[in-house]
Amino acid sequence: MSDQNRLGVFKTYKLYVGGKFPRSESGRVYEVTDSKGQWLANAPQSSRKDARDAVVAARKAFGGWSGATAYNRGQVLYRVAEMLEGRKEQFVREVAASEGLSKSKAAAAVDAAIDRWVWYAGWTDKIGQIAGGANPVAGPFFNLSTPEPTGVVAVLAPQKSSFLGLVSVIAPVIATGNTAVVVASADAPLPALSLGEVLATSDVPGGVVNILSGATAEIAAPLAAHQDVNAIDLTGADAELAKELEIAAADNLKRVLRPQPVDADSASDSEDWTASPGTHRLTAFLETKTVWHPTGALGAAGSSY
C-alpha cells in the first residue's frame, strides 16, 4: 500500500502523573503550533485538580526515592540517558519543530540534554562531599553536616528551551532525592510530554517526576500555595508572575529558586543552557542536617572512646 493511501496516525499527548498517563481531568486541550504557526498536536491543558493530583503522587514517591542510595539514583538517571539515546531521532524532530531550529541545531540540543542526564547521574553520590562534612568544634564532639532532600519541588520549566532547559531543571532536583511536579513550556510542551514516556520506561519510580502542560500561570498558582509543596523553581515564570508566586510560596516558607532577570526583547531564555551547569541547582533544594556526637571523656592522657 502506498503512503498516499494511508491514514495518518497522530500522536495523542497526555500528562505524566504518578507513573501513569492521564488526560486532564477537565477534558481540555489546546493547540500546539510550530514557529511558523503550523499545527503540531493537541496538548492536554492541566487544571488545578491535575496540579493537586501531581503533588499527591510526588509526596507518595518521596519516601522511597529519598531513601534510595545516592549510587542507585545515579544508576537510574544514567538509565534515562540510555533510553533517550535510543529515541534521539524523535526528540530531534520535536525540538526542531517546537523551537524552530534546524535539524543540526536540534540534534546538538538533544545531545546536550542527554549529556546533562549523565552529568547529574555522576553527581548523585558526590554532592554530599562538597555540601557536607565534618565541622571543627571546641569540645569532645564530632560535628557532622550532611545534605538531605527538601521534599516535593514544583518546577516551572524554561519557556524557550523546551528540552535542554527542561532537563537542566528536572535532573538536579531528582538527583538529590527530591520529587518533582514539572510545568512544561506552555508554547512548546511536546518534548516534555514525550520525556514522560521515557521516564516511564526507565527505572524512575512512578511519581518521582510528574509532568503537566498548559497555561503556566494557571498551574503554578495552586502549586505555589500548596501546603505540601516544599520548594519551587521559578525559572519559567516572567517577572510579574514570579513575584506573585513568591508571595504565595512564603505562606509555608517554601524554598524559592528565583529566575534570572529576563530582557523583554530577548528571544531566548535568560540562562545559557549550553553552559556548564555547575552545582548550584543541586544545592538549591538541599537541607543541611547537623549532628553532634560525643567522643568520650577527656582525661590527662587525652581523649578516650
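Scroll up to find the structure.
Residues numbered from 1 in each chain as written. Predicted model: local features only at pLDDT ≥ 70, side-chain atom pairs only at ≥ 80, totals over all residues. Heavy atoms only, no water.

Q: Run through the packing of helix α3 (residues 88–99) against helix α4 (residues 103–123), naming residues and quoting values.
A: In a pair of packed helices, the angle between the axes and the distance between the axes together describe the arrangement. Between α3 and α4, the shortest axis-to-axis distance is 8 Å and the interhelical angle comes to 120 degrees. Judged on the interaxial angle alone, α4 and α3 are oblique. Where α3 crosses over α4, the two elements pack in a sense that is right-handed. Across the interface between the two elements, Lys88, Phe91, Val92, Val95 and Ala96 of α3 pack against Lys103, Ala106, Ala107, Val110, Asp111 and Ile114 of α4. Looking at the contact of α3 with α4, its residues break down into eight nonpolar, no polar and three charged. (Axes fitted to C-alpha atoms, helices over the stretch in contact; angles between N-to-C directions. Helix = DSSP H or I, 4+ residues; strand = E, 2+ residues; numbered from the N terminus. Parallel < 35°, antiparallel > 145°, perpendicular 65-115°, else oblique. Left-handed = near helix turned anticlockwise from the far one by under 90°. Contact = heavy atoms within 4.5 Å. Nonpolar A, V, L, I, M, F, W, Y, C, P; charged D, E, K, R; others polar.)

Q: Account for the sheet that holds strand β3 (residues 133–134), with residues named and values stated.
A: The strand order across the open sheet built from three strands is β3-β4-β10, with neighbouring strands paired in antiparallel fashion. Each having just a single partner strand, β3 and β10 (286–294) make up the two edges of the open sheet. Of the pairings in the sheet, the one linking β3 to strand β4 (residues 141–149) comprises two bridges and is antiparallel in character. By the bridge assignment for β4, alanine 134 is matched with leucine 144. (Pairing = 2+ DSSP bridges.)

Q: Kindly report on the pattern of salt bridges, identifying the contributing residues and their values.
A: Inspection of the entire model under this criterion finds 14 salt bridges. Note that glutamate 197 is salt-bridged to arginine 87, the shortest N-O span being 2.7 Å. Residue glutamate 197 is found in helix α7 (residues 190–200), and its partner arginine 87 is found in the loop between α2 (70–86) and α3; the two are separated by 110 residues along the sequence. The shortest N-O distance in the salt bridge between arginine 258 and glutamate 246 comes to 2.6 Å. (Salt bridge = Lys/Arg side-chain N within 4 Å of Asp/Glu carboxyl O.)

Q: Just give me the short version of the side chain of threonine 176, but keep the residues and values in it.
A: If you trace the backbone, threonine 176 turns up in the loop between α6 (164–175) and β6 (179–183). A distance of 3.1 Å separates a polar atom in the side chain of threonine 176 from the backbone oxygen of proline 172. Side chain to side chain, threonine 176 and asparagine 178 meet in a polar contact 3.1 Å long. When sequence neighbours within four positions are dropped, the list of residues in contact with threonine 176 reads Arg73, Ile127, Pro149, Leu282 and Leu286. (Polar contact = N/O pair within 3.5 Å; in protein donor to acceptor, adjacent residues only side chain to side chain.)

Q: Lay out helix α9 (residues 239–249) in plain terms, naming residues and giving numbers.
A: Three or more residues of α9 are buried, namely Leu241, Ala242, Leu245 and Ala249. Buried positions in α9, seen along its axis, are confined to an arc of 100 degrees and lie on one side of it. Along α9, the residues that are exposed and aim more than 90 degrees away from the buried face are Ala239, Glu240, Lys243 and Ile247. Residues of α9 that are buried sit in contact with β5 (152–156), α8 (216–225), β8 (231–233) and β9 (255–257). (Buried < 20%, exposed > 50% of the residue type's maximum accessible area, 1.4 Å probe, protein only. Arc of directions from axis to C-beta.)

Q: Residues and numbers for the packing of aromatic side chains, please.
A: Following the criterion strictly, the structure yields five aromatic pairs and no others. Look at phenylalanine 10 and tryptophan 39: their rings are 5.6 Å apart centre to centre, the planes differ by 80 degrees, and that puts the pair in the edge-to-face class. Separated by 29 residues along the polypeptide, phenylalanine 10 in the segment before β1 (29–33) and tryptophan 39 in strand β2 (residues 39–44) bring together distant segments of the chain. Phenylalanine 10 sits in the exposed class, given a relative accessible area of 63%. Judged by centre distance (5.1 Å) and plane angle (35 degrees), the ring pair of tyrosine 16 and phenylalanine 21 falls under tilted. Taking relative accessible area as the criterion, tyrosine 16 reaches 3% and is therefore assigned buried. (Phe/Tyr/Trp six-rings, centres within 6.5 Å; stacked < 30°, edge-to-face > 60°.)

Q: Tell me about α3, and name the residues and values.
A: Over its twelve residues, α3 runs 16 Å from end to end, which matches the ideal 16 Å to within 8%, given 1.5 Å per residue. Buried residues belonging to α3 abut β2, α2, α4 and α7. Where α3 terminates, the next one or two residues include glycine 100, which has phi positive at roughly 70 degrees. (Expected span 1.5 Å × (residues − 1).)

Q: Go over the environment of valine 208, please, and point to the residues and values.
A: Here valine 208 is to be found in the loop between α7 and β7 (209–212). Owing to a relative accessible area of 0%, valine 208 belongs among the buried residues under this scheme. When the C-alpha positions of valine 208 and alanine 180 are compared, they lie 6.1 Å apart, and in sequence the two are 28 residues distant. Not counting chain neighbours up to four residues away, the residues in contact with valine 208 comprise Ala61, Trp65, Ile174, Asn178, Thr179 and Ala180.

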